[in-house]
Every structure is written in structure tokens, then in C-alpha cells.
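Close look at the chain arrangement
Listed below are the residues making up each chain.
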Amino acid sequence: MQVGVEMGCLPGGSTPVLLDLEELLATRLLVQGNSGSGKSHLLRRLLEQSAPWVQQLVIDPEGDFVSLAELFGHVVIDAADHTETGLQQIASRMRQHRVSVVLNLENQEIDRQMRSAGAFLNGAFDAPRDWWFPTLVVIDEAQMFAPAAAGDVSEEARKVSLGAMTNLMSRGRKRGLAGVIATQRLAKLAKNVAAEASNFLMGRTFLDIDMSRAADLLGMERRQAEMFRDLGRGNFVALGPALSRRPLKVQIGEVATHARATSPTLIPLPDKATVGDARDLIMTPGPDEPTRLLPIRRSPMSTSEVLTQLVKSAEAKAAHLAANPPTPIPPPHDPIEEYHHDVLAEAVPEDAPPPPETTAPQRTQGAFFDEVLKEVLADPEAAFRSPAVLYQDFLMRCRGHSVNGRALTLPSFRRRLSAVRAGIPLDSGNDPEWRKALAVAADLPDDLQAMFLLLARAALDETPCPSDEDIARARGSRSPRRARGLLTYMEERGLLLTSADVFGKRVITLPTLGWQTAPGDPNGGLMPSAETQVVEEDEADDASETGDDEGEAVDDDALSDDSLSDGEMSVDEEVPGQAAE
């Protein structure tokens, strides 16, 4: 059955312009126009004219289309009153009973609007095959539900909404769902959603990028795109199998219903009152006025206040650790040692004198783990292996001593490893001052803890600042370039401050602890070794070759030492806190 919906007429006002409704159900429609161009008026005209012929689903972010219920019997659903699961079930029953629905999203924030719209569209999309009746799905402000780029909403909400919109436009036809989407900006609408439409109604727009995309969609030359600036309110250029085979100007006709919010118009101001009366009107609450608690907007804290809070937090953690020391881990149950003890006890005669008491301390489990860790790090190449690899070596050595090495978890192993790589004695945790450094380091990513502890030990002892090679070794790298980049990374996040004395030697201050190192030579007074030079050259070559492959625009200058001193890091550098095990 072919049904022609009258959308309006040609600019002359005599020839009507019809939209083939059955063709629209198979080819979908995209409406574009800046705010005030008449998009909502166009959608309302389409909904009113097609209401007797096809079931309709309207996704309404502003509550403009709820007035359709008065004349055409649409069921208005307030999304704020239902859960996402409930919305999916309602959408499925809507398709079963062929009821036209307006999903009102005006009482929700943008994140909740995207989730609710995605849930409702998914419920309609996943309906059983027996309920795949033709349905016109009209979505106003489509750029909100299918954004071209991530915005202020959560990534989960964006994925749910964008996935539902993509399914509607690309796979909805076989399920009887015909998408009609309207947007203010083509540049803000996801291309994979806009590309599925075959019919277009382009209204007034002024930005070059939107005019260029509109001209491309209509098959017009770029110089003809200027015509979109001259279109009046309610005038659109139509193209598509359901409208016209050639671009055609259309003036949208009148509508029977109206939105609750109309376009702003000038109205006369009320009679001028005295200053006292005007003040009483706005300062005195009305008799039926509800009391609303507005959110308190606090001014952001300054850098000094943030650093003060960090120092207080570190001191509180250190005081808590001093008052509540951790419970020592009991030694593991060793059945072999227990067996040997029983055999020896049976072999000793009853009248034998007791063995002399020894004053040597028993070896605890923690001391044993420390000895095994020293064995692991005795290998010269161990300083450059990942913690996960070293942990496996640690477990193998513990198994050789018939001890369960997994009593020391991987996070605890990382902390011990960071201390050893930083050159920190394993018994230094008894120093109250050093406990502050350990408390601050515990809040840092695992791959920055060794560097921070190395600098903290130098600052506490007031020894010269470690060189780039020492810092790189603590990080598990051979490259001083990487050490300089990580120092810049930590400085940008307020973990340290770098300065130089009159002789050009580096001084590092730790604001959270209030400690400062003595001046030290960053180069350690040594020329770079041949191995270090080869590593840095390989890193620079790899970075220049993989810049395009990684999808990031990286200039060659960004890999130089000067760029690194300004805060840039190598392309192949791991992001602190996300190192792979």
C-alpha cells in the first residue's frame, strides 16, 4: 500500500510535496538544521500526518512532543519513573500491541537520558520476530544519543546509546524500525549513524563544516552549499527516494498540536514598580512556593592548600602505622621439618643432657623472603626485568626451599622490589621519618614507587640528587632519557619540584614530605655508556617509526632531549600506573 504524506509545498505555495511513507520505512530519514530552523516543527508535521497509518515511537529529550497524546492518543512514558529493565519491557510490549509512544526524557540529566533512550531502543530492537510490525522511530536532538566524540558523559552511557542508535539505523529495517533522526550539527553526529539514511531534509545552517557535509549528502557542489544560509525558518532542501530524486526546496506545512515550550518572542514588560516593591517581590517567598535546596558550589582549593592536605594525610597515615603496627606473619607449616624434628627426638637417649640454649634469633618468614629476593636480584639483568617475571623467579626459588612463596602476594612483592631497586635497606621501615615516605609511596602507581623512594632516601639523608642513570635503573630501564621523562611526569603532578643551583647541579624537593636533596650531577659525572647510547637510539628510531601506527601525531622534535625537558615523554614510554605485568 502506497501512502503519500503531505509535508508541505513548494516555495510558491501551490504544488504539494508528498513523502512516500512506505518508501520511508525502508530508507530512513535525516533532518539537519541549526537551532530555530524548524526541525521540531518538521518532525511534528511528519508525526501528525503519518499517525493514522503507522505506529510511532518518539524519543523526546525536551518533552516537546507529549502534546501528541491529546489528539492522536500517544502514550506518554516518563523515563524518570522507570528502571532501564522496565523500559526495555515496556518497549517490547509496545511493539506487541502496536501502541504509539512518546518517551519523555526531560526530567533526567544527559547521562541518564542516554541510558534510558538506549534501553528503550534496545527493547524495541530485541522484540520477538512475531512483533516486527512497521514502526516509525523519531529521535530529536540525535547528536545527544549518537555523539561523534566522547564528551562529559560516562563512557558506559555513550556506548549503550551509540550502540542502540547504530542498530536502529543499520539493522532496524528488517525488524520494521524506520529511523527518523534530527540534529542541529552534522559534525557532532556519529558518521556511521548519519550514513545509513537515504532521505534528507536540510535546513538553515551557517557553519562551513556543516554546510560542506550537507552539500556532500545531497550530491551538490561545494559552491552551492551557500544556499543553506539563505533558507528561512521552516524551509528545507529535500532529497531521497521517499521525497525527490533531485534536490527540492520545501516549505513545511502547518501543524495541529504545539510544543509546550515555544520560541521566545518579545512581550511588553510589566508596569514599573517602586524599588521597594520590586525588592519585596523577589526577596519574599510566595505562600505556595516549595523550598528547594540548591547545591553549594565551593571554590577550588589553591595548590598550597592541596599540598597541606597531602602532608596532613601522610602524617596521619604514618601516625596510624606507628600506633597500629601490622601483625607479623607466622612462619608456614613445614611437614618435612616437623618430620626431621620427630626423628631426631626419637634418636636422642632419654638420659642425654639437654642441648645448650642458643641466643641466635629464629629466622622469620619475612626475613626468608628478603633473602630470596636478594638472590633474585643478584643477577645483573634482574634490574631490567618486569616485576611479573621476577615474581615467577621468586616463586621458583621459594619452591626449591619447600616454602609457599605465594604468602607474599604480587602487590607486596612489588613494594619490596621497589625498595630494593631504590637501594633502600629492608629494615629502614623502623625509622618514623621514613614511614612518612612509605605512606606517600603507597598511594603512587607501582612503577613510580621505586623512583620516589630513591629520591626520598636521598632527600632524607641530604645526599646528592641521584643521577639519571640511577633513576632509570630504579625504574627498571637502561635509558636516562626515560628517567628524565618520568621526572617531568611526576613534577607535572605535584609529586616533586626540580631546580638547579648556580653550578647547574640538580636539586629535587618533595613537597608532600618537606624534604630536599643536596645538589647532584644529573649525568653522574660519567659519559653515557655505549649500551645506553644504543638503547636511546633504538627508542628514538622505534618512536619515529611507530608514531603513525599508533594513531597519534608525534613530531620528530617531540623525541629530542629539549622536548623531554618541557614535559614530553617518549612515544614508546609506558604510562605510569598502567605497566603490564
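In this report, the structure presented in the accompanying data block is examined.

1. Topic: the overall build of the protein chain
When you go through the protein chain residue by residue, the secondary structure sums to 21 helices and 14 strands. Here the protein chain, with 581 residues, has 41% of them falling under the buried criterion. When the accessible area of the protein chain is evaluated, it comes to approximately 32,900 Å², of which 52% is carbon and sulfur surface.

2. Some points on the pattern of salt bridges
All told, the structure shown has 10 salt bridges when counted by the stated rule. Close ionic contact of Arg 158 with Glu 155 constitutes a salt bridge, the shortest N to O distance being 2.9 Å. Highlighted residues: Arg 158 and Glu 155, both in helix H7 (residues 155–171), separated by 3 residues, approximately one helical turn. Since its relative accessible area comes to 16%, Arg 158 is described here as buried. One continuous salt-bridge network, built from bridges that share partners, spans Asp 111, Arg 115 and Glu 156.

3. Structural notes on unusual backbone geometry
With glycine set apart, most residues show a phi of negative sign, and most peptide bonds adopt trans. Of note, Arg 98 is a non-glycine position whose phi angle comes to about 55°, a positive value. Take Arg 98: it is sitting in the loop between helix H4 (84–97) and strand E6 (101–104). Residue Glu 141 is not a glycine yet carries a positive backbone phi of 55°. Inspection of the secondary structure assignment puts Glu 141 in the loop between strand E7 (135–139) and helix H6 (142–145).

4. Topic: the nonpolar core
Counting residues in each nonpolar core, the largest one holds 49 residues, and the members touching the most others are Leu 30, Ile 59, Phe 120, Ile 139, Met 165, Ile 181 and Phe 228. Setting aside chain neighbours within four positions, we find Phe 120 in contact with Leu 57, Ile 77, Leu 87, Ile 90, Ala 91, Met 94, Val 101 and Leu 103. If you look at the next biggest cluster of nonpolar residues, it comprises 31 residues, including Val 54, Phe 236, Leu 243 and Val 250.

5. Here's the deal with helix H16 (residues 432–442)
Residues lying three or four places apart along an α-helix face the same way, a consequence of the helix completing one turn every 3.6 residues. Along H16, the residues that are buried comprise Trp 434, Ala 437, Ala 439, Val 440 and Ala 441. Each element contacted by the buried residues of H16 is listed here: helix H11 (303–323), helix H17 (446–461) and strand E14 (515–516).

6. Structural notes on the packing of aromatic side chains
If you walk through the whole model with that rule in mind, you get 1 aromatic pair. An angle of 20° between the planes, with centres 6.3 Å apart, marks the rings of Tyr 391 and Phe 394 as stacked. Placement of the pair is Tyr 391 and Phe 394 together in helix H14 (residues 387–400), with a separation of 3 residues, close to one helical turn. A residue is classified by how much of its surface remains accessible, and Tyr 391, at 6% relative accessible area, is buried. Looking at Phe 394, the relative accessible area reads 0%, which means it is buried.

7. Considering empty space enclosed by the protein
Tallying each qualifying case throughout the model produces 1 cavity of 30 Å³ or more. Forming the walls of the largest cavity are Leu 121, Asn 122, Phe 125, Ala 164, Asn 167, Leu 168 and Leu 177. For the lining of the largest cavity, the secondary-structure elements that each account for two or more residues are helix H5 (110–125) and H7. Its residues assigned to classes, the lining of the largest cavity shows 5 nonpolar, 2 polar and no charged.

8. Side note on the pairing of strand E2 (residues 16–20)
Summarising the sheet, strand E1 (residues 4–9) and E2 pair through 5 bridges and their orientation is antiparallel. Within the sheet, the bridge partner assigned to Cys 9 lies in E2 and is Pro 16. Hairpin remark: E1 followed by E2, antiparallel, with 6 residues in the connecting loop; positive phi at Gly 13, about 95°.

9. Here we look at the sheet that holds strand E5 (residues 75–78)
In spatial order, the strands read E2-E1-E11-E10-E9-E3-E8-E7-E4-E6-E5; together these 11 strands make up an open sheet with mixed pairing. The open sheet is flanked by E2 and E5, the only strands paired with a single partner. Averaged over neighbouring strand pairs, the angle between their axes works out to 25° when direction is ignored. In the sheet, strand E4 (residues 55–60) pairs with E6 via 4 bridges, with the strands oriented parallel. In the strand pairing of E6, Ile 59 is matched with Leu 103.

10. As for the pairing of strand E13 (residues 506–510)
With 5 of 5 residues buried, E13 lies mostly within the body of the structure. Side chains Arg 506, Ile 508 and Leu 510 project from E13 onto one buried face, and the interleaved Val 507 and Thr 509 project onto a second face that is buried too. Looking at chain direction, strand E12 (residues 497–500) and E13 are connected through 4 bridges and run antiparallel. Bridging across to E13, Ala 500 finds its partner in Arg 506.

11. Brief notes about the environment of Glu 254
Along the chain, the position of Glu 254 falls in the loop between strand E11 (244–252) and helix H10 (275–283). We classify Glu 254 as exposed; its relative accessible area is 65%. Sequence separation between Glu 254 and Arg 45 is 209 residues; the distance between their C-alpha atoms is 7.1 Å. Not counting chain neighbours up to four residues away, the residues in contact with Glu 254 comprise His 41 and Arg 45.

12. A few points about the sheet that holds E13
Strand order in the open sheet formed by 3 strands is E12-E13-E14, and the pairing between neighbours is antiparallel. Only two strands of the sheet have a single partner each, and these edge strands are E12 and E14.

13. Remarks on the packing of H16 against H17
Any two packed helices are characterised by the angle at which their axes cross and by the distance between the axes. As a packed pair, H16 and H17 sit with axes 10 Å apart at the nearest point and diverge in direction by 155°. When the axis of H16 is compared with that of H17, the two are roughly antiparallel. Where H16 crosses over H17, the handedness of that crossing is right-handed. Contacts between H16 and H17 pair Glu 433, Trp 434, Ala 437, Leu 438, Val 440, Ala 441 and Ala 442 from the former with Gln 449, Phe 452, Leu 453, Ala 456, Arg 457 and Leu 460 from the latter. Class assignment of the residues belonging to the contact of H16 with H17 gives a composition of 10 nonpolar, 1 polar and 2 charged.

Analysis parameters
- Residues numbered from 1 in each chain as written.
- Predicted model: local features only at pLDDT ≥ 70, side-chain atom pairs only at ≥ 80, totals over all residues.
- Heavy atoms only, no water.
- Helix = DSSP H or I, 4+ residues; strand = E, 2+ residues; numbered from the N terminus.
- Buried < 20%, exposed > 50% of the residue type's maximum accessible area, 1.4 Å probe, protein only.
- Areas by Shrake-Rupley, 256 points an atom, 1.4 Å probe, with all protein chains shown as cover.
- Salt bridge = Lys/Arg side-chain N within 4 Å of Asp/Glu carboxyl O.
- Core = buried A, V, L, I, M, F, W, Y, C linked by side-chain atoms within 4.5 Å.
- Contact = heavy atoms within 4.5 Å.
- Phe/Tyr/Trp six-rings, centres within 6.5 Å; stacked < 30°, edge-to-face > 60°.
- 1 Å grid on protein atoms, 1.4 Å probe; cavity = no way out; pocket = protein on both sides within 12 Å on 5 of 7 lines; lining within 4 Å.
- Points joined across faces, edges and corners; volume = space filled by probe spheres on them.
- Nonpolar A, V, L, I, M, F, W, Y, C, P; charged D, E, K, R; others polar.
- Pairing = 2+ DSSP bridges.
- Axes fitted to C-alpha atoms, helices over the stretch in contact; angles between N-to-C directions.
- Parallel < 35°, antiparallel > 145°, perpendicular 65-115°, else oblique.
- Left-handed = near helix turned anticlockwise from the far one by under 90°.

Read these as geometric descriptors, not functional statements.
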